[in-house]
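# Fold and geometry: a report
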Amino acid sequence: MGASYQECSSLLLQNLKVTIKESYLIFPSEETLTHESKSMFLSNVDQILNFDVQTVHFFRPNKDFPPEIVSEMLRMALVRAMDVYEFLAGRLRLNPSSGRLNIDCNGAGAGFVTAESEYTLEELGDLVYPNPAFAELVTSQLQSLPKDDQPLFAFQVTSFKCGGFAMGISTNHTTFDGLSFKTFLDNLASLLSEEPLSTPPCNDRTLLKARTPPRVTFPHHELVQLQDSDTTVFEATSEHLDFNIFKLSSQQISRLKEKASESVSSVCVRVTGFNVVTALVWRCKALSLVEEEEVDDLEKESTILYAVDIRGRLDPQLPSSYTGNAVLTAYGKAKRKALFEEPFGTIVEMVGEGANRITDEYARSAIDWGEMYKGFPHGDVLVSSWWKLGFAEVEYPWGKPKYCCPVVYHRKDIVLLFPDIDGDSKGVYVLAALPSKEMTKFQKWFEDTLC
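Residues numbered from 1 in each chain as written. Predicted model: local features only at pLDDT ≥ 70, side-chain atom pairs only at ≥ 80, totals over all residues. Heavy atoms only, no water.

### Focus: the overall build of the protein
Helices and strands together make up the secondary structure of the protein, namely 11 helices and 18 strands. Relative to the globule expectation of 22 Å for 451 residues, the C-alpha radius of gyration of the protein, 22 Å, shows essentially globular dimensions. When the backbone C-alpha atoms are referred to their principal axes, the protein occupies close to 65 × 55 × 40 Å. A total of 451 residues make up the protein; the buried ones form 55% of that total. Long-range pairs, those at least 24 residues apart, make up 81% of the contacts in the protein with a sequence separation of at least 6. Working note: accessible area of the protein is about 19800 Å², and carbon and sulfur atoms make up 50% of it. Averaged over its 43 positive side-chain charges, the protein has a centre that lies 2 Å from the centre of its 62 negative ones. (Helix = DSSP H or I, 4+ residues; strand = E, 2+ residues; numbered from the N terminus. Rg over C-alpha atoms; globule rule 2.2 N^0.38 Å. Buried < 20%, exposed > 50% of the residue type's maximum accessible area, 1.4 Å probe, protein only. Contact = heavy atoms within 4.5 Å. Areas by Shrake-Rupley, 256 points an atom, 1.4 Å probe, with all protein chains shown as cover. Lys, Arg positive; Asp, Glu negative; His and termini not counted. Charge placed at Lys NZ, Arg CZ, Asp CG, Glu CD.)

### Observations concerning a positive patch on the surface
Together, Lys257, Arg270, Lys388 and Lys426 make up a positively charged patch on the protein surface. Mapped onto the elements, Lys388 comes out in the loop between strand E15 (381–385) and strand E16 (403–406). Using a relative accessible area of 61% as the deciding quantity, one classes Lys388 as exposed. (Patch = residues over 30% accessible without salt bridge, like charges linked within 9 Å, V, L, I, M, F, W, Y side chains within 5 Å. Salt bridge = Lys/Arg side-chain N within 4 Å of Asp/Glu carboxyl O.)

### Remarks on the nonpolar core
Grouped together as the largest cluster of nonpolar side chains are 134 residues, with contacts concentrated most on Phe58, Leu74, Leu124, Phe155, Phe184 and Trp398. By residue number, the principal contributor to this core is helix H6 (residues 273–287), which donates nine residues. The two domains that each donate at least three residues to this core are domain 1 (18–208) and domain 2 (223–450). Apart from residues no more than four positions distant in its own chain, Leu74 is found in contact with Phe112, Phe155, Val157, Met167, Leu188, Leu192 and Trp398. (Core = buried A, V, L, I, M, F, W, Y, C linked by side-chain atoms within 4.5 Å. Domains from an automatic or database assignment.)

### Some points on a nonpolar patch on the surface
On the surface, Val216, Met372 and Tyr373 cluster together to form a nonpolar patch covering roughly 230 Å² of accessible area. Relative to the helices and strands, Val216 is located in the loop between helix H4 (178–192) and strand E10 (223–225). On the basis of relative accessible area, Val216 is assigned to the partly exposed category, the value being 31%.

### Considering the sheet that holds strand E7 (residues 110–117)
Note: strands within a sheet are paired through backbone hydrogen bonds, in either parallel or antiparallel orientation. The strand order E2-E7-E8-E9-E4-E16 describes an open sheet built from six strands, whose pairing is mixed. Either end of the sheet is taken by a strand with one partner, and the two such strands are strand E2 (18–26) and E16. Sheet twist, expressed as the mean angle between neighbouring strand axes with direction ignored, is 15°. Pairing of strand E4 (residues 52–59) with strand E9 (residues 165–172) involves eight bridges; the strand directions are antiparallel. Residue pairing across strands places Gln54 opposite Ser170, the latter belonging to E9. (Pairing = 2+ DSSP bridges. Axes fitted to C-alpha atoms, helices over the stretch in contact; angles between N-to-C directions.)

### Some words on the packing of aromatic side chains
Taken as a whole and assessed by the stated rule, the structure comprises 27 aromatic pairs. Between Phe181 and Phe184, the aromatic rings sit 6.2 Å apart at their centres with planes inclined by 20°, giving stacked as the arrangement. Here Phe184 and Phe181 lie together in helix H4, a separation of three residues that amounts to about one turn. This pair shows no difference in class: Phe181 is buried, exactly as Phe184 is. Ring centres of Trp386 and Phe391 lie 5.7 Å apart, and the angle between their planes is 85°; on these two criteria the pair is classed as edge-to-face. In this pair, the class of Trp386 matches that of Phe391, namely buried. Within the aromatic cluster, the residues linked to one another by ring pairs are Tyr24, Tyr85, Phe87, Phe112, Phe153, Phe155, Phe176, Phe181, Phe184, Trp386 and Phe391. Lying over the aromatic face of Phe344, Lys259 brings its terminal NZ or CZ to 5.8 Å of the ring centre. Over the face of the ring belonging to Trp387 we find Lys388, whose NZ or CZ atom lies 4.6 Å from the ring centre. (Phe/Tyr/Trp six-rings, centres within 6.5 Å; stacked < 30°, edge-to-face > 60°. Lys NZ or Arg CZ within 6 Å of the ring centre and 35° of its normal.)

### Notes on H4
The end-to-end C-alpha distance of H4 is 21 Å, a good match for the 21 Å that 15 residues give at a rise of 1.5 Å each. Counting buried residues along H4, 12 of its 15 residues qualify, which places the element largely inside the surrounding structure. Elements that come into contact with the buried residues of H4 comprise E4, helix H3 (67–84), strand E8 (153–159) and E9. Positioned one or two residues after H4, Glu194 has a phi angle of 55°, which is positive. (Expected span 1.5 Å × (residues − 1).)

### Considering the packing of helix H5 (residues 250–261) against helix H9 (residues 344–356)
One can describe the packing of H5 onto H9 by two numbers: an axis separation of 7 Å at closest approach and a directional angle of 95°. With respect to H9, the element H5 is oriented roughly perpendicular. Residues Leu256, Lys259 and Ala260 of H5 lie in contact with H9, whose contacting residues are Phe344, Gly345 and Val348. Its residues assigned to classes, the contact of H5 with H9 comprises four nonpolar, one polar and one charged. (Parallel < 35°, antiparallel > 145°, perpendicular 65-115°, else oblique. Nonpolar A, V, L, I, M, F, W, Y, C, P; charged D, E, K, R; others polar.)

### Let's talk about the domain arrangement of the protein
You'll often see interface size given as the accessible area lost when the parts meet. Its domain assignment divides the protein into domain 1 (18–208) and domain 2 (223–450). Put simply, the middle of domain 1 and the middle of domain 2, counted by C-alpha atoms, are 26 Å apart. Between domain 1 and domain 2, the residue contacts involve 57 residues of the former and 48 residues of the latter. Note on domain 1 versus domain 2: buried area summed over both sides is about 4500 Å², and carbon and sulfur give 66% of it. Looking only at domain 1, the three residues that lose the most surface to domain 2 are Val128, Pro130 and Leu208, adding up to 15% of its buried area. Across the domain 1-domain 2 interface, the total number found is three salt bridges. In this structure, the salt-bridge partner of Glu122 is Lys402, at a minimum N-O distance of 3.1 Å. (Buried area = accessible area lost by both parts, 1.4 Å probe.)

The following block contains the structure:
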């Protein structure tokens with residue numbers, strides 16, 4: 001049975017007692033700033049991701065690298081990084097004639113903040129649990145700047161009483177997807193060690209430009225036009241949500257894979273750890289919406305969404321160093337009744353078929369759909385996986401992070417997958433945020449499926 005972490009919420013620190021010491025802009029080197037300002041094209045995938053992603057990277061004390069030394073090293077390395085990631089010092093702009101967003105690479109600067117907490121790292125408690133107070137460790141808005149001149153990228157270094165520290169990074173999602181952000185962190189680690197970039201970035205977003213004329217050659221059930229829906233899975237909700245974390249060990253995931261293999265009929269679908277965990281989440285989320293004795297609820301359709309990296313799926317392939325959002329939304333669609341009655345392997349098969357669907361032509365069709373209809377992903381639940389992105393594997397001069405996590409907000413239709421903090425690299429934490437009644441049923445079906 002997966003361990004439930006819901007009971008930890010009452011023990012969390014509500015206030016990390018963080019004091020901002022310095023807050024200012026940093027800029028690319030003078031050599032880069034001499035270049036003329038230029039506009040950076042954003043793909044149709046980038047266009048729909050105009051919101052901030054905030055991550056916190058916690059580090060244990062290292063006597064050779066106290067926080068004040070680390071802060072200065074990071075500041076200098078980020079200046080050098082912006083010479084090749086010049087869009088990080090730019091500003092998001094809307095082209096009034098085309099209605100498209102682009103990045104004005106004007107060298108206006110990125111945010112850099114130093115801060116200190118009155119607590120030790122250990123006093124923060126269980127870092128796995130999504131403490132809303134972790135938002136104090138990240139800066140996305142610089143108070144000294146007007147709203148239309150906020151940076152796309154801001155970096156905060158917060159020291160703890162024990163000598164440990166946290167790197168809080170806020171990036172507008174138009175700048176990176178998960179894989180390219182990991183590459184950025186690897187490159188930052190290289191610069192901190194005064195070594196060449198591990199992977200020089202490819203900043204050419206026109207590689208994912210729509211065709212002329214655009215051609216939609218597939219139905220795209222995973223997308224909806226703006227005028228057809230007033231909410232997206234990315235939006236936060238104001239209603240009260242229970243946060244619950246379920247831990248799945250590598251042994252439990254192996255058992256789920258064995259269970260799925262008994263009934264998977266397609267040789268084209270791989271029974272992977274991600275597919276079985278996503279199938280488990282889909283079943284639980286769909287059935288959490290079913291009211292007892294409401295037969296009609298079982299007849300309703302449920303759609304699961306998850307991101308698929310398309311770098312290697314295109315022809316020709318995108319460079320692995322592509323910095324933009326090279327992900328598309330895969331989907332599975334079924335009636336809740338099927339998710340209740342069908343063997344677990346059948347649900348895994350439906351999940352796996354979502355990724356298999358995304359070929360070069362399907363990807364180009366989805367990008368062209370965005371050119372013609374201006375929409376966004378739409379479904380009942382989106383699984384956002386941080387499980388194997390490898391942020392905690394980045395080797396900085398002061399060592400690897402103790403833990404990395406996003407700052408979590410109230411989004412009931414997004415379920416997050418996190419890596420284990422205890423060294424079980426094949427284990428995973430499943431974070432769900434749901435209204436109390438739905439959470440009770442989600443937990444019931446989670447345990448039922450595992451048993």
